[in-house]
Amino acid sequence: MPNSFRPPRALQFLPMLPLLLAFSSNASLAADHYLIDPEHTFSYFEYSHWGLSQQRSRFDGTAGSIELDESTGSGTIDIEIDASSISTGSESFNQIMRSGDFFDTANYPKISFKSSSLHFEDQQLKQVDGDLTIKGITHPVTLDISHFNCRFMLLYGKRACGANGSAKILRSDYKLGRYAPFVSDDVTLHISVEAIKEY
């Protein structure tokens, strides 16, 4: 008897194509999407002022989003800070910090951090590598995470995640080095963030 007809090998996979596409789509949707909660997120920095004291100033405006797949320990973090929202405790000093001598907010209104990789240990986020951009200048930095937690929040009726991270940077790397080394060139940047799950 003649052999029964068998379609070309490539055609044999056609019935599986919808399943493969569905699997690919589900894989891309595995990460949860969070929006940063501006009411519970802020960034601040510390520096030595002429060796007299450690000073702190903060930024009051922060936005951004987080993609997080806790099952694989992967995701992305995208943070945008409003440089003009700097708050030093003195309005006159705020104006100085917004000037061209420092953040030059008229020309560079945003500070951004975009992650390149997340590092987990025992389901705890420990470090985030990424690129920090200030005054249009970008350098790689690593945020050390001192606290990380996700939970369902009855207040929002949604899941939320929060973290505290910090990194040491040099002001001079971003053309912010006025008065260095008397005012310390090295600065510790802190980011306290909470984000609410959208989907």
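Report on the accompanying structure. (Residues numbered from 1 in each chain as written. Predicted model: local features only at pLDDT ≥ 70, side-chain atom pairs only at ≥ 80, totals over all residues. Heavy atoms only, no water.)

1. Thoughts on the overall build of the protein chain
Heads up, the rule is: Helical segments are the DSSP runs of H or I of at least four residues, strand segments are the runs of E of at least two, and each set is numbered from the N terminus. Note on exposure labels: buried denotes an accessible area under 20% of the residue type's maximum, exposed denotes more than 50%, and partly exposed covers the range between, all computed with a 1.4 Å probe on protein chains only. Working rule for contacts: check all heavy atoms of both residues, and any pair within 4.5 Å makes them a contact.
Check the secondary structure of the protein chain and you find 3 helices and 11 strands. Ordered by position from the N terminus, the helices and strands of the protein chain form the series α-α-β-β-β-β-β-β-α-β-β-β-β-β. Here the protein chain holds 199 residues, and the buried ones make up 38% of them. Sequence separation of at least 24 residues holds for 55% of the intrachain contacts in the protein chain that already meet a minimum separation of 6.

2. Regarding the packing of aromatic side chains
Rules: Between 30 and 60 degrees the pair is tilted, below 30 it is stacked and above 60 it is edge-to-face, where a pair is any two Phe, Tyr or Trp rings, Trp via its six-membered ring, whose centres lie within 6.5 Å. The rule is short: NZ of Lys or CZ of Arg within 6 Å of the ring centre and within 35 degrees of the ring normal puts a charge over the ring.
Overall, the coordinates contain 8 aromatic pairs when judged by the stated rule. Ring centres of F45 and F103 lie 6.2 Å apart, and the angle between their planes is 55°; this geometry places the pair in the tilted category. With F45 in strand β2 (residues 42–49) and F103 in the loop between α3 (91–98) and β7 (110–121), this pair connects stretches of sequence that are 58 residues apart. When sorted by exposure, F45 lands in the same class as F103, which is buried. Aromatic side chains W50 and F182 sit 5.1 Å apart centroid to centroid with 10° between the ring planes, which places their arrangement in the stacked category. Linking W50 in the loop between β2 and β3 (53–59) with F182 in the loop between β10 (158–170) and β11 (186–197), this pair joins segments that are 132 residues apart in sequence. Among the aromatic residues, those joined into a cluster by ring pairs are F45, Y47, F59 and F103. Here the basic side chain of R58 rests over the ring of F42, its NZ or CZ set 4.2 Å away from the ring centre.

3. Points about the side chain of D32
Using the following cut-off: Think of a polar contact as two N or O atoms within 3.5 Å of one another; within protein, one of them needs to be a possible hydrogen donor and the other a possible acceptor, and neighboring residues in sequence only count if both atoms come from side chains.
Relative to the helices and strands, D32 resides in strand β1 (residues 32–36). Here the side chain of D32 touches K197 through a polar contact of 3.4 Å, side chain to side chain. Discounting chain neighbours no more than four positions away, the residues touching D32 are I66, E67, L68, K197 and Y199.

4. Regarding unusual backbone geometry
Across the junction of A180 and P181, the peptide omega takes the value 5°, indicating a cis bond. Looking at the secondary structure, you find P181 in the loop between β10 and β11. One non-glycine residue, Q123, lies in the positive phi region at around 65°. Phi is positive for K135, which is not a glycine, with a value near 55°. The residue K135 is located in the loop between β8 (124–134) and β9 (137–153) in this model. Here K135 falls in the buried class, since its relative accessible area comes to 11%.

5. Quick notes on the pattern of salt bridges
For clarity, the cut-off: By convention in these notes, a salt bridge is any Lys or Arg side-chain nitrogen within 4 Å of a carboxyl oxygen on Asp or Glu.
One pass over the structure, following the stated rule, counts 8 salt bridges. A salt bridge links D60 to R58; its shortest N-O distance comes to 2.7 Å. Judged by its relative accessible area of 33%, R58 falls in the partly exposed class. Here E91 makes a salt bridge to R98, at a shortest N to O gap of 3.2 Å.

6. Points about the side chain of K135
The condition that has to hold: Counted as positive: Lys and Arg. Counted as negative: Asp and Glu, with His and the chain ends omitted from the count.
Buried charged residue K135 carries no salt bridge. Nearest counter-charge: D104, at 5.3 Å. Within polar-contact distance, the side chain of K135 engages the backbone oxygen of F102 at 2.8 Å. Here K175 takes part through its backbone oxygen, which lies 2.9 Å from a polar atom of the side chain of K135. Aside from chain neighbours lying at most four places away, what touches K135 is G100, F102, F103, D104, Y108, Y174, K175 and L176.

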